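# Commentary on secondary and tertiary structure
Here's the letter readout for the chains.
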Amino acid sequence: LHLRFPTASGVQQQRDLGFCLSLLNITEKGMKKLIDLFKCYGDALCDEEVYSYFHGILSKVRKF
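Residues numbered from 1 in each chain as written. Predicted model: local features only at pLDDT ≥ 70, side-chain atom pairs only at ≥ 80, totals over all residues. Heavy atoms only, no water.

## Topic: the packing of aromatic side chains
- Going through the model one piece at a time under the given rule, you end up with five aromatic pairs.
- Centre to centre, the rings of phenylalanine 5 and tyrosine 41 are 6.1 Å apart; their planes meet at 55 degrees, and the pair counts as tilted. With phenylalanine 5 in the segment before α1 (11–23) and tyrosine 41 in helix α3 (residues 38–41), the pair connects residues that are 36 residues apart, well separated along the chain.
- Judged by relative accessible area, which is 5%, tyrosine 41 ranks as buried.
- Ring geometry for phenylalanine 5 and phenylalanine 54: centres 6.0 Å apart, planes at 55 degrees, overall tilted. On the criterion of sequence distance, the pair formed by phenylalanine 5 in the segment before α1 and phenylalanine 54 in helix α4 (residues 48–63) is long-range, its members being 49 residues apart.
- Aromatic ring contacts, followed pair by pair, group Phe5, Phe38, Tyr41 and Phe54 into a single cluster. (Phe/Tyr/Trp six-rings, centres within 6.5 Å; stacked < 30°, edge-to-face > 60°. Helix = DSSP H or I, 4+ residues; strand = E, 2+ residues; numbered from the N terminus. Buried < 20%, exposed > 50% of the residue type's maximum accessible area, 1.4 Å probe, protein only.)

Listed below in C-alpha coordinates is the structure:
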(Lines give C-alpha, C1' and ligand atoms only; values in the text may rest on other atoms or scores of the structure.)
Protein backbone atom coordinates (compact mmCIF):
# COMPACT_ATOMS: atom_id res chain seq x y z
CA LEU A 1 0.00 0.00 0.00
CA HIS A 2 2.89 2.36 0.65
CA LEU A 3 4.00 2.16 -2.95
CA ARG A 4 0.60 3.29 -4.21
CA PHE A 5 0.87 6.77 -2.66
CA PRO A 6 2.98 8.27 -5.48
CA THR A 7 0.54 6.98 -8.11
CA ALA A 8 -2.60 8.18 -6.32
CA SER A 9 -4.52 10.50 -8.60
CA GLY A 10 -5.82 12.77 -5.88
CA VAL A 11 -6.13 13.59 -2.23
CA GLN A 12 -9.12 11.29 -1.77
CA GLN A 13 -7.13 8.27 -2.94
CA GLN A 14 -4.32 9.19 -0.57
CA ARG A 15 -6.85 9.44 2.25
CA ASP A 16 -8.24 6.03 1.32
CA LEU A 17 -4.77 4.49 1.32
CA GLY A 18 -3.98 6.08 4.69
CA PHE A 19 -7.24 4.74 6.10
CA CYS A 20 -6.45 1.22 4.85
CA LEU A 21 -2.98 1.37 6.40
CA SER A 22 -4.44 2.53 9.71
CA LEU A 23 -6.61 -0.58 9.90
CA LEU A 24 -3.63 -2.95 9.70
CA ASN A 25 -1.84 -4.30 12.74
CA ILE A 26 1.67 -2.93 12.33
CA THR A 27 4.50 -5.07 13.69
CA GLU A 28 8.11 -4.10 14.21
CA LYS A 29 8.88 -5.29 10.68
CA GLY A 30 5.99 -3.20 9.34
CA MET A 31 7.24 -0.14 11.19
CA LYS A 32 10.66 -0.55 9.60
CA LYS A 33 8.94 -0.63 6.19
CA LEU A 34 7.06 2.56 7.05
CA ILE A 35 10.33 4.28 7.86
CA ASP A 36 12.12 2.93 4.79
CA LEU A 37 9.35 3.99 2.41
CA PHE A 38 8.76 7.46 3.87
CA LYS A 39 9.68 9.02 0.53
CA CYS A 40 6.60 7.38 -1.01
CA TYR A 41 4.05 8.92 1.33
CA GLY A 42 5.84 11.89 2.90
CA ASP A 43 4.17 14.43 0.61
CA ALA A 44 0.73 13.04 1.47
CA LEU A 45 1.24 13.95 5.14
CA CYS A 46 0.48 17.57 4.28
CA ASP A 47 -3.19 16.61 4.28
CA GLU A 48 -4.63 16.68 7.81
CA GLU A 49 -6.70 13.52 7.39
CA VAL A 50 -3.80 11.45 6.04
CA TYR A 51 -1.61 12.80 8.84
CA SER A 52 -4.18 11.73 11.44
CA TYR A 53 -4.21 8.19 10.03
CA PHE A 54 -0.43 7.94 10.29
CA HIS A 55 -0.54 9.46 13.77
CA GLY A 56 -2.96 6.69 14.73
CA ILE A 57 -0.60 4.08 13.33
CA LEU A 58 2.25 5.45 15.45
CA SER A 59 0.02 5.51 18.53
CA LYS A 60 -0.78 1.83 18.05
CA VAL A 61 2.89 0.95 17.62
CA ARG A 62 3.85 2.81 20.79
CA LYS A 63 1.41 0.69 22.80
CA PHE A 64 3.36 -2.43 21.84
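## Overview of the environment of glutamine 12
- Take glutamine 12: it is sitting in helix α1.
- Residue classification places glutamine 12 among the partly exposed positions, given a relative accessible area of 48%.
- Taking the C-alpha atoms as reference points, glutamine 12 and valine 50, separated by 38 residues in sequence, lie 9.5 Å from one another.

On their own, these measurements won't tell you what the molecule is for.
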